[in-house]
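A closer look at the structure
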Amino acid sequence: MDAKRIIRKVAVLGSGVMGSRIACHFANIGLQVLLLDIVPKDAPAGDKKARNKIVNDALDFALKSNPSPIYFKAFAKRITTGNFDDDLSKIADCDWVIEVVVERLDIKQKVFESVEKYRKPGTLITSNTSGIPIHLMTEGRSDDFKQHFCGTHFFNPPRYLKLLEIIPTKDTLPAVVDFLMAYGEKYLGKTTVLAKDTPAFIGNRIGVFSIMSVLHYVEKTGMTVEEVDKLTGPVIGHPKSATFRTTDVVGLDTMVHVANGLYANVPGDEARDLFQLPEFVNGMVKNNWLGSKTNQGFYKKEKTGGTNQFFALDLKTLEYKPSQKVKFPSLETTKTVDSLKDRLKILFAAKDKAGDFYRSTFYQLFAYASNRIPEITEEFYKIDDAMNAGFGWEMGPFEKWDALGVANTVKEMEAAGNKPAAWVYDMIAAGAASFYKIEDGKRLFYDIASKSYKLIPGTENFILLDNIRTTHTLWKNSGTTITDIGDGIINLEFHTKMNTIGGEVIEGINKAITLAETSYKGLVISNEGANFSAGANVGMIFMMAVEQEFDELNMVIKAFQNTMMRIRYSSIPVVAAPHQMALGGGCELCLHADKVVAHAELYMGLVEFGVGLIPGGGGTKEFALRLSDELQDGDVELNNFRDRFLTIGQAKVSTSAYEAFELGYLKKGRDQVVLSRNRLLSEAKQQCLQLAEEGYVQPVQRTDIRVLGKQALGLGYIGANTMFSGNYISEHDVKISQKLAYVLAGADLSQPTQVSEEYLLNLEREAFVSLCAERKTLERIQSILKGGKVLRN
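The paragraphs below set out a description of the structure included in this document. (Residues numbered from 1 in each chain as written. Predicted model: local features only at pLDDT ≥ 70, side-chain atom pairs only at ≥ 80, totals over all residues. Heavy atoms only, no water.)

It is worth spelling out the environment of Phe209 at this point. With respect to the helices and strands, the residue Phe209 is situated in helix 8 (residues 203-221). Counting along the chain gives 160 residues from Phe209 to Ala369, while the straight-line C-alpha distance between them is 9.3 Å. Among residues more than four places away in sequence, those in contact with Phe209 are Asn204, Ala271, Leu274, Phe275, Gln364, Leu365 and Tyr368. (Helix = DSSP H or I, 4+ residues; strand = E, 2+ residues; numbered from the N terminus. Contact = heavy atoms within 4.5 Å.)

Time to look at the state of the cysteines. What is meant by a disulfide is a covalent connection between two cysteines, made through their sulfur atoms. Per the counting criterion, the structure on display carries zero disulfides. Distance from the sulfur of Cys24, which forms no disulfide, to the nearest cysteine sulfur (Cys94) is 16 Å. No disulfide involves Cys688; its sulfur sits 14 Å from that of Cys590, the nearest cysteine. (Disulfide = S-S within 2.5 Å.)

Applying the stated criterion to the full structure yields 46 salt bridges. Residue Arg443 pairs with Glu399 through a salt bridge whose shortest N-O separation is 2.7 Å. Placement of Arg443 in strand 13 (residues 442-447) and of Glu399 in helix 17 (residues 397-404) is noted, with a sequence separation of 44 residues between them. Given a relative accessible area of 11%, Glu399 falls into the buried group. Glu622 is paired through a salt bridge with Arg568; the nearest N and O atoms lie 3.0 Å apart. Here the residue Glu622 occupies a position in helix 25 (residues 619-630), and Arg568 occupies one in helix 23 (residues 550-569), the gap between them amounting to 54 residues. The burial state of Glu622 is the same as that of Arg568; both residues are buried. Through salt bridges that share partners, Arg205, Asp269, Glu270, Arg372 and Glu375 make up one connected network. (Salt bridge = Lys/Arg side-chain N within 4 Å of Asp/Glu carboxyl O. Buried < 20%, exposed > 50% of the residue type's maximum accessible area, 1.4 Å probe, protein only.)

This brings us to the sheet that holds strand 9 (residues 299-304). What the three strands build is an open sheet, ordered 9-10-11; its pairing is antiparallel. Pairing within the sheet leaves two strands with one partner each, and these edge strands are strand 9 and strand 11 (319-322). Direction aside, neighbouring strands of the sheet carry axes that sit 40° apart on average. Sheet topology note: the strand 9/strand 10 (residues 307-314) ladder contains six bridges and is antiparallel. In the strand pairing of strand 10, Lys301 is matched with Phe310. (Pairing = 2+ DSSP bridges. Axes fitted to C-alpha atoms, helices over the stretch in contact; angles between N-to-C directions.)

So, on to the nonpolar core. Counting residues in each nonpolar core, the largest one holds 114 residues, and the members touching the most others are Val12, Phe26, Trp96 and Leu523. One finds Ile202, Trp289, Ala312 and Tyr363 within the second-largest nonpolar core, a separate group that totals 110 residues. (Core = buried A, V, L, I, M, F, W, Y, C linked by side-chain atoms within 4.5 Å.)

By secondary structure assignment, the location of Ser370 is in helix 15 (residues 353-371). At a separation of 2.8 Å, a polar atom in the side chain of Ser370 contacts the main-chain carbonyl oxygen of Ala367. (Polar contact = N/O pair within 3.5 Å; in protein donor to acceptor, adjacent residues only side chain to side chain.)

The next point concerns the sheet that holds strand 15 (residues 473-476). Spatially, 15-16-17-18-19-21-23 is the arrangement adopted by the seven strands of the open sheet, whose pairing is mixed. Where the open sheet ends on each side, the last strands, each with one partner, are strand 15 and strand 23 (672-674). On average, each strand axis in the sheet is inclined to that of its neighbour by 20°, with strand direction left out of account. In the sheet, strand 16 (residues 480-484) pairs with strand 17 (residues 489-494) via five bridges, with the strands oriented antiparallel. Along strand 17, the bridge assignment pairs Asp484 with Ile490.

Another point: unusual backbone geometry. The omega torsion of the bond from Asn66 to Pro67 falls at 5°, within 30 degrees of zero and hence cis. Within the secondary structure, Pro67 sits in the loop between helix 3 (53-64) and strand 3 (79-83). With an omega of 10°, the peptide bond between Ile373 and Pro374 qualifies as cis. Here Pro374 is to be found in the loop between helix 15 and helix 16 (381-391). In this structure, Ala200 is a non-glycine residue whose phi angle is positive, near 65°. Of note, Ala200 is situated in the loop between strand 8 (191-194) and helix 8. By relative accessible area, Ala200 is classed as buried at 6%.

In this sheet, strand 13 lies alongside strand 12 (residues 436-439) in antiparallel orientation, the contact comprising four bridges. What sits directly across from Lys437, in strand 13, is Leu444. Two successive antiparallel strands, strand 12 and strand 13, enclose a turn made up of two residues, where Asp440 displays a positive phi of approximately 55°. In terms of strand pairing, strand 13 meets strand 14 (residues 452-455) through four bridges, oriented antiparallel. Pairing of Tyr446 across the sheet is with Tyr453, part of strand 14.

The next point concerns the packing of helix 15 against helix 18 (residues 406-415). At a closest axis distance of 10 Å, the pairing of helix 15 and helix 18 adopts a crossing angle of 105°. By the angle class used here, helix 15 and helix 18 are roughly perpendicular. Contacts between helix 15 and helix 18 involve Arg359, Tyr363, Phe366 and Ala367 from the former and Thr409, Glu412 and Met413 from the latter. (Parallel < 35°, antiparallel > 145°, perpendicular 65-115°, else oblique.)

For the rest of this paragraph, the subject is the packing of aromatic side chains. Scanning the model with the defined rule gives 42 aromatic pairs in all. Taken together, a centroid distance of 6.3 Å and an interplanar angle of 70° make the contact between Phe275 and Tyr368 edge-to-face. In this pair, Phe275 is assigned in the loop between helix 11 (252-265) and helix 12 (279-286) and Tyr368 in helix 15, connecting sequence segments 93 residues apart. Neither Phe275 nor Tyr368 differs from the other in exposure class; each is buried. Centroid distance Phe380 to Phe398: 5.1 Å. Interplanar angle 45°. Geometry classified as tilted. (Phe/Tyr/Trp six-rings, centres within 6.5 Å; stacked < 30°, edge-to-face > 60°.)

This is the structure in structure tokens:
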């Protein structure tokens, strides 16, 4: 990366759906952003409010959208709005100008002509086009403009979809390309993929082909919308929205636009006819059934008798029918198979309708993807990266192909009339049995040009557990694995369902700390699952409570508390590296770590209230301790108490790591945030190593925690009763609130008193176990276990 280039301020030209959200994501990473758009017709000169109405309305709409494009509301203050007529000259102060105006070449060229009047030499200038040839945009521009110009194609929504395609022209300086590739990955948290300037680039070229392949298969075989979505969702490592729900969310018109563009612009494509629209798609477009934006597409929702009823489109008749649940024999056999690779082998070998679907559509995809090299990219791993980051797949086409076995799959593809590209045969002939392989803890790809395996560029500094687990594992049980990640640091990962914390995880944590204290410098707790941890194993708690085994339950909770305290008071530093969901016990684990290195997409919270409990693994104690460290005199004490009380009582969950600081789950000045998911473990390791090498001193248990006693307890009771009187909470909620207040206040002490952690843990555990004896708590737990729904009884 160009060490001299620093990005402090970015200008985003165009405030539509993409422009406003790209502006938000730049604000997310701490940059100042100038967001500009056109002046409304007839807006009077000098009336700033009227002249900025389009841009301000667009930004307001984005900030109110769900899911939010911004990590934390206050970050929106980093965005300044304006218009092209009055404020374009301000781009002279910007280090990067990104164009996101309407997808018309003439308009983009006109914008760039104006930009060149004010842009200072050397400033990055990029376009977010999804389909217009990049090289056409710079006609008539200066050499400096052309040298610093590039395509930067973000996927929508920019905060959540990780793909950023970088598309240079023949004039783009190599240093500019290298900078954008590195900056996008490290600072924007993206998977940056270098693409050639070809129609739809990489992601949409392969992604839309995959969708069109499915649509034509459906038209030919008569499969239903529900059947296809059952087959193309999580069972094969694709998002829950699968094929048709995804198209509804994105918009059928968007998919149609890309497909039509590809049909028109790839005359030499061997599969060009597949980009022609099936008749049912033409019918839907004619009826304006475009998905969520028109309230109906492949699915629609109607209220019937006060309840929502879901309908699916019959693609033969174009009539809506009540949505049906579907089953396939082959899918039933994979329910207990956790490994995606193993599931794929079973599904592709199946002799039912599902197996026929998979073999037909994916063999077609494998052949198509192989034939796009070197047309759209020189290296096949970029296709996998694009599909995984842009479409939410767990495994791209070549990764799936690897899982099935390359050579055997080629034979089946040939038999089905889907012959792959010649380079695949050359690879097999050269003795390479797979597209990827792991060597010395690093993932290598088969380089077609050199006919040898090479390290994937840009991954040198990543530590990925999938790559080192087989050679660096020190110990494992059914729910955890301890891995040596180098330089005296070990890592503990969970691999239970939803990474919930039960007996096997407690055993793993204690084993990891013992190992680290004996032979290593420090411990990191992280994993590569979909979520860090969904919390304690409530199924186990439910069974004990139903059987009224309260002494045993008390012992289990005490073991959990002791383990959390061991994390806090071990002789080595313990760093937690959470991502996605860190709920309940997963949050409590982080509260007790010496440091948290969190991924920006972190949904953290003490959510036990939702199942009729209070945090029982040290979470309530830790909030009381942190409250004590914040306390001053008078009203401030009670305000802080109320905030902590409501955070737990309302089961507040952060919508990002930055919001977790505001909710008190992360500590300002101690914990940190990383945007790149691939860098999370390596950064956590460095922080753990730094703590160790700075001379880590084993902490001493606290006995100086100041609790407020009756003064705060009364506040908690009054608050709960007021909410109950207003019908905001139930009678059982009042009972839980009172027990929560009792622990946070340190019981009904007559005056503020200093107490120990052990004292608070005993109060916490007593309250937790007593609530487990309540019928309404058991009903709440059962509701979560059966249907995943929070019951307010």
